[in-house]
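# Coordinate inspection notes
Letter by letter, the chains look like this.
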Amino acid sequence: SYTRVSSRYNVYENNGQYYFVTEEGGIASQIVIYNLSKDDYQLLEEEKRSASEIHFKLQNDRWPPTKEEKHQSELEFLKNELQLVHDVSLPNNPNLFDEFPELKPIYEQWLSNK
């Protein structure tokens, strides 16, 4: 029989196997059941990982990106979309170069060649 093993999360156990139960899909949501490893269950219970991080890993087979990884990904996107930076990003976010100082010389070079 399935036993709820977490008072905070929809995690169930049956014969040593853990299951993470969640709703997905917005308007037409459905109950989705994921196999949850014992290690990931322990990370959740010990609050070393959040439920949203566990859910991300179960959906994507990897942990969510770190702040540094997100920053690097955004920087790479901006470096490849300098026209977008010029037309949209800078007018809407004049502090863009404070967040991405490494982008400024690349942008200035692009602007001088334009």
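Higher on the page you've got the structure.
Heads up: these notes are all about the structure in this document. In this text, all values refer to a predicted model and were calculated from it rather than measured experimentally.

## Thoughts on the packing of aromatic side chains
- For the coordinates displayed, the defined rule picks out four aromatic pairs.
- Between Tyr18 and Tyr41, the ring centres sit 4.4 Å apart and the planes meet at 15°, which makes this aromatic pair stacked. One end of the pair, Tyr18, is in strand S3 (residues 17-24); the other, Tyr41, is in helix H1 (residues 38-45), and 23 residues separate them in sequence. An identical accessibility class is assigned to Tyr18 and Tyr41; each is buried.
- A connected cluster of aromatic rings, assembled from ring pairs, spans Phe97, Tyr107 and Trp110.
- Directly above the ring of Trp63 sits Arg49, whose terminal nitrogen or CZ lies 3.8 Å from the centroid.

## Observations regarding the pattern of salt bridges
- Scanning all chains against the criterion turns up six salt bridges.
- In this structure, the salt-bridge partner of Glu45 is Arg8, at a minimum N-O distance of 3.2 Å. Of this pair, Glu45 sits in helix H1 while Arg8 is found in the loop between strand S1 (3-4) and strand S2 (11-14), placing the two residues 37 residues apart along the sequence.
- On the basis of relative accessible area, Glu45 is assigned to the partly exposed category, the value being 26%.
- As a salt-bridge pair, Glu47 and Arg8 come within 2.4 Å of each other at their nearest N and O atoms. With a gap of 39 residues between them, Glu47 in the loop between H1 and helix H2 (51-60) and Arg8 in the loop between S1 and S2 connect regions that are remote in the sequence.
- A residue is classified by how much of its surface remains accessible, and Glu47, at 56% relative accessible area, is exposed.
- One connected set of salt bridges, linked through shared partners, spans Arg8, Glu45 and Glu47.

## Observations concerning the side chain of Glu13
- Within the fold, Glu13 resides in strand S2.
- Buried charge Glu13 goes without a salt bridge, the closest partner of opposite sign being Lys38 at 8.7 Å.
- For Glu13, the residues in contact, after removing those within four places along its chain, are Ser1, Tyr2, Thr3, Val5 and Tyr18.

## Side note on unusual backbone geometry
- A positive phi angle is found at Asn15, which is not glycine, with a value near 50°.
- Position of Asn15 among the secondary structure elements: in the loop between S2 and S3.
- At Glu47, a position not held by glycine, the phi torsion is positive, near 60°.

## Observations concerning the sheet that holds S2
- Taken together, the four strands give an open sheet; going across it, the order is S1-S2-S3-S4, and neighbouring strands pair in antiparallel fashion. At either margin of the open sheet sits one strand with a lone partner, and together these are S1 and strand S4 (30-36).
- When S1 meets S2, the two strands line up antiparallel, connected through two bridges. Each residue of the ladder has a partner; that of Arg4, found in S2, is Tyr12.
- Here H2 sits on the sheet and contacts S3 and S4; the angle it forms with S3, its principal contact strand, is near 95°.

Conventions used here
- Residues numbered from 1 in each chain as written.
- Predicted model: local features only at pLDDT ≥ 70, side-chain atom pairs only at ≥ 80, totals over all residues.
- Heavy atoms only, no water.
- Phe/Tyr/Trp six-rings, centres within 6.5 Å; stacked < 30°, edge-to-face > 60°.
- Helix = DSSP H or I, 4+ residues; strand = E, 2+ residues; numbered from the N terminus.
- Buried < 20%, exposed > 50% of the residue type's maximum accessible area, 1.4 Å probe, protein only.
- Lys NZ or Arg CZ within 6 Å of the ring centre and 35° of its normal.
- Salt bridge = Lys/Arg side-chain N within 4 Å of Asp/Glu carboxyl O.
- Lys, Arg positive; Asp, Glu negative; His and termini not counted.
- Contact = heavy atoms within 4.5 Å.
- Pairing = 2+ DSSP bridges.
- Axes fitted to C-alpha atoms, helices over the stretch in contact; angles between N-to-C directions.

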